[in-house]
Every structure is written in C-alpha cells, then in structure tokens.
Amino acid sequence: MRLLITFLLIVSAFYSINAQLDRTSKWPKEDKALFESAKSQYNKGYFNAAYEKYTSLKEKHADDIYLKYVMGICAIYINDKQEESEKLLMEVKGYDKNAKNIDYYIALLYHKTY
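Just so it is clear, the model here is predicted, and its values are computed rather than measured. For every chain, the first residue of the written sequence is number 1, and numbering continues from 1 onward in sequence order. In keeping with the predicted nature of the model, local features appear solely for residues at pLDDT of at least 70, side-chain atom pairs appear and are counted solely at 80 or more, and the whole-chain, interface and lining totals rest on all residues. Side-chain metrics in this entry use all non-hydrogen atoms of the structure; hydrogen atoms and water are not considered.

Draft legend 1. Region of the structure containing the overall build of the protein. A count of helical and extended segments in the protein gives six helices and zero strands. Working definition: helices are DSSP H or I runs of at least four residues, strands are E runs of at least two. Numbering for both runs from the N terminus. The order of helices and strands in the protein, counted from the N terminus, is α-α-α-α-α-α. Counting all 114 residues of the protein, 32% fall into the buried class. Each accessible area is a Shrake-Rupley result for a 1.4 Å probe, and residues are judged covered by the shown protein chains and nothing else. In the structure as shown, the protein presents an accessible area of about 8000 Å², 56% of it carried by carbon and sulfur atoms. Note on exposure labels: buried denotes an accessible area under 20% of the residue type's maximum, exposed denotes more than 50%, and partly exposed covers the range between, all computed with a 1.4 Å probe on protein chains only.

Draft legend 2. Examining the packing of helix H2 (residues 29-44) against helix H3 (residues 47-60) more closely. Their axes nearest at 8 Å, the elements H2 and H3 cross at an angle of 150°. Looking at the two axes, H2 sits roughly antiparallel to H3. The handedness of the crossing between H2 and H3 comes out as left-handed. Mapping the contact onto sequence places Asp31, Leu34, Phe35, Ser37, Ala38, Lys39, Gln41 and Tyr42 in H2 and Phe47, Ala49, Ala50, Lys53, Tyr54, Ser56, Leu57 and Lys60 in H3. Side-chain classes are defined by residue name, with Ala, Val, Leu, Ile, Met, Phe, Trp, Tyr, Cys and Pro counting as nonpolar, Asp, Glu, Lys and Arg as charged, and the others, Gly among them, as polar. Residue composition of the contact of H2 with H3, by class: nine nonpolar, three polar and four charged. Lines fitted to C-alpha atoms define the axes, with helix axes restricted to the stretch in contact, and inter-axis angles between N-to-C directions lie between 0 and 180 degrees. An angle below 35 degrees is read as roughly parallel, one above 145 as roughly antiparallel, one from 65 to 115 as roughly perpendicular, and any other as oblique. Left-handed describes a crossing in which the near helix is turned anticlockwise from the far one by less than a right angle; the clockwise case is right-handed. Note on definitions: a residue-residue contact is assigned when non-hydrogen atoms from the two residues lie within 4.5 Å.

Draft legend 3. Local environment of H3. Helix span is expected to be 1.5 Å times the residue number reduced by one. With 14 residues, H3 should reach 20 Å at 1.5 Å per residue; the first-to-last C-alpha distance of 20 Å fits that figure. Taken together, the buried positions of H3 are Phe47, Ala50, Tyr51, Tyr54 and Leu57. One side of H3 carries all its buried residues, which in axial view fall inside an arc of 125°. Among the exposed residues of H3, those pointing more than 90 degrees away from its buried face are Glu52, Glu59 and Lys60. Its buried side turned inward, H3 meets H2, helix H4 (65-76) and helix H5 (82-95). Relevant arc is that of directions from the helix axis to the C-beta atoms, nothing else.

Draft legend 4. Structural detail: the environment of Val92. Of note, Val92 is situated in helix H5. Considered as a pair, Val92 and Leu67 are 25 residues apart in the sequence and their alpha carbons are 9.7 Å apart. Ignoring any residue separated from it by four or fewer positions in sequence, one finds Val92 in contact with Ile65, Lys68, Tyr69, Ala99 and Ile102.

Draft legend 5. The arrangement of the pattern of salt bridges in detail. Basic side-chain nitrogens of Lys or Arg form a salt bridge, by our definition, when they fall within 4 Å of a carboxyl oxygen of Asp or Glu. Taken as a whole and assessed by the stated rule, the structure comprises four salt bridges. In this structure, Lys60 and Asp31 form a salt bridge, with 3.1 Å as the shortest nitrogen-oxygen distance. On the criterion of sequence distance, the pair formed by Lys60 in helix H3 and Asp31 in helix H2 is long-range, its members being 29 residues apart. Take Asp31: its relative accessible area is 3%, and that puts it in the buried class.

Draft legend 6. Local environment of the nonpolar core. By nonpolar core is meant a set of buried Ala, Val, Leu, Ile, Met, Phe, Trp, Tyr and Cys residues that side-chain atoms within 4.5 Å join together. Within the largest apolar cluster, 27 residues are counted, with the highest numbers of intra-cluster contacts made by Tyr42, Tyr54, Tyr69, Cys74, Leu89, Ile102 and Tyr105. Tyr105 has contacts with Tyr42, Tyr69, Ile73, Ile76, Leu89 and Lys100, leaving out every residue within four places of it along the chain.

Draft legend 7. Molecular detail of unusual backbone geometry. Notably, Asn101 is not glycine yet its phi reads approximately 60°, a positive angle. Structurally, the position occupied by Asn101 is in the loop between H5 and helix H6 (102-113). Classification of Asn101 by relative accessible area gives partly exposed; the value is 41%.

Honestly, that's just the spatial picture; any functional story needs more than this.
Shown next as structure tokens:
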C-alpha cells in the first residue's frame, strides 16, 4: 500500500511539473517568443512593457489563467490599472485558490490602491 501511494505521488508530481512546462508548447512560434520577452521584462520589473506584451497574448489566448495572473500582478504597479488588476487576480483566485502568492498580491493591490 505504501509503495502504491508513493508511486501515485511521484506520478502526480511529474504530471504537475509537465503541465507547467507545457504551458506554451502548442502556441505559435511568434507567441512563444513574445511570451519569453514579456517574462523577461516582468522579471526585470518593467511591468508596463510586460503588461502590454501579455495583453497582446491574451487576445489570442483569452482562457490562459497564467496570463491573467501575470497581467494582474503587472497591473498592480501601473497607476491606472488597479481595477483591472483586481478583476484579473480575483478571477485567478476563483479558478485556483492556491495560486502562488495570490493572497499576497491581492493584499498588495489593496494596500497600494486604498
């Protein structure tokens, strides 16, 4: 029984990791390049530039919850985008209550906004 549980945990962890890595595998090459560029901008703290790139990707991939997550985070740091940030982050939280640091980013948004 213990061996079966261990096996199931390993398989589920492997599946989870592959699902995260496979996020953009079916996207066109241009979209992948734009995503990587936006991610680089995001990691450097250039939230305006990253937000614009993520917005153009969202037009093509409207249901991608990760795009909504990073757009919501970027929008926290853009003065006139707080309402959109709240909408996006609450949608992400509704989809996945355990999204990484979602409560922190919502609290940060409220702290910066109110």
